[in-house]
Amino acid sequence: TRKKRSLALVDSTRTTASARAKTLARKARAETASARGARLVATPMAGLRATGQVSTALKVGKKFANNPLVMNEFAACEQERKLEIALDWLKKSLESNPYQPVTLRTESKLLEKANALPESVASLESALELWPNESGWHVDAAALWKQLGNTERPLEHLHIASLYNPNDIESRRLVGGALLSA
């Protein structure tokens, strides 16, 4: 009887685990299909945008408008037309998934374009926390800090940029210029 109870317990555990695994697999397939669908929509949106068909690209993306990839494409479509709307799309994308260094970088560029330099540098610093080895971003961060009047942060970022990309003559030249002006 004890053995039967143990076998029954193992059997019910297997059944429960099996049902749980099936449910998780079903959810994963649905999420994968949704992500695949979003990629399949974001790619033609980028193509349409590149060929000047922005309004068509915006129409194509409506079904997957809650996906960060598609939100980023909406932002790319709007950045030349309405900067505020593009920034709103990027904000929504980052609310949905804050771990998007390229989106943070894009947000930084658009904020710089809007002359919101403190917000721009904050966004770029967040991107660099997630993706610290992007030497070009460090050079851009140095330029933003310099525009804000900070003399120490540009040197730090230029030094890091030259460490990540030691063959980049331009970043080394900028480090030298920053040291001379400091």
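Owing to the predicted nature of the structure, the values given are computational and were not obtained by experimental measurement.

Q: Provide a residue-level description of the overall build of the chain, including the pertinent values.
A: Helices and strands together make up the secondary structure of the chain, namely 9 helices and 0 strands. Counting helices and strands in the order they occur from the N terminus, the chain gives α-α-α-α-α-α-α-α-α. The 182 residues of the chain split such that 35% are buried. Sequence separation of at least 24 residues holds for 42% of the intrachain contacts in the chain that already meet a minimum separation of 6. Surface exposure of the chain reaches about 11,600 Å², of which carbon and sulfur atoms provide 56%.

Q: With reference to specific residues and values, describe the packing of aromatic side chains.
A: Summed over the entire model, instances satisfying the criterion amount to 2 aromatic pairs. Measuring from ring centre to ring centre gives 4.4 Å for phenylalanine 74 and tryptophan 89, while their planes differ by 15°; the resulting arrangement is stacked. Of this pair, phenylalanine 74 sits in helix H3 (residues 68–78) while tryptophan 89 is found in helix H4 (residues 83–96), placing the two residues 15 residues apart along the sequence. By the burial criterion, phenylalanine 74 is buried, and tryptophan 89 matches it. Ring geometry for tryptophan 131 versus tryptophan 137: centroids 5.3 Å apart, planes at 90°, classification edge-to-face. Take tryptophan 137: its relative accessible area is 11%, and that puts it in the buried class. Over the ring of tryptophan 89 we find lysine 92, and its NZ or CZ is 4.6 Å from the ring centre.

Q: Explain the side chain of serine 93 to me, using residue names and the numbers behind them.
A: Structurally, serine 93 is set in helix H4. Apart from the residues lying within four places of it in its own chain, the contact partners of serine 93 are Pro68, Met71, Asn72, Gln100 and Thr103.

Q: Tell me about the side chain of serine 120, residues and numbers included.
A: Looking at the secondary structure, you find serine 120 in helix H6 (residues 117–130). With near-sequence residues (within four places) excluded, serine 120 lies in contact with Ser108, Leu111, Glu112 and Leu144.

Q: Mind laying out the packing of helix H5 (residues 101–113) against helix H7 (residues 135–147), listing which residues take part and the relevant values?
A: Put simply, H5 and H7 touch, their axes get as near as 12 Å, and they point 30° apart. The hand of the H5/H7 crossing is left-handed. For the pair H5 and H7, contact is made by Pro101, Val102, Arg105, Ser108, Lys109 and Glu112 and by Trp137, Asp140, Leu144 and Gln147, respectively.

Q: Can you lay out a nonpolar patch on the surface for me, pointing to particular residues and giving the numbers?
A: Together, Tyr99, Val102, Leu130 and Trp131 line one region of the surface with nonpolar side chains, adding up to about 410 Å² of accessible area. Checked against the element boundaries, valine 102 lands in helix H5. The partly exposed category is assigned to valine 102, whose relative accessible area is 45%.

Rules used throughout
Residues numbered from 1 in each chain as written. Predicted model: local features only at pLDDT ≥ 70, side-chain atom pairs only at ≥ 80, totals over all residues. Heavy atoms only, no water. Helix = DSSP H or I, 4+ residues; strand = E, 2+ residues; numbered from the N terminus. Buried < 20%, exposed > 50% of the residue type's maximum accessible area, 1.4 Å probe, protein only. Contact = heavy atoms within 4.5 Å. Areas by Shrake-Rupley, 256 points an atom, 1.4 Å probe, with all protein chains shown as cover. Phe/Tyr/Trp six-rings, centres within 6.5 Å; stacked < 30°, edge-to-face > 60°. Lys NZ or Arg CZ within 6 Å of the ring centre and 35° of its normal. Axes fitted to C-alpha atoms, helices over the stretch in contact; angles between N-to-C directions. Left-handed = near helix turned anticlockwise from the far one by under 90°. Patch = residues over 30% accessible without salt bridge, like charges linked within 9 Å, V, L, I, M, F, W, Y side chains within 5 Å. Salt bridge = Lys/Arg side-chain N within 4 Å of Asp/Glu carboxyl O.

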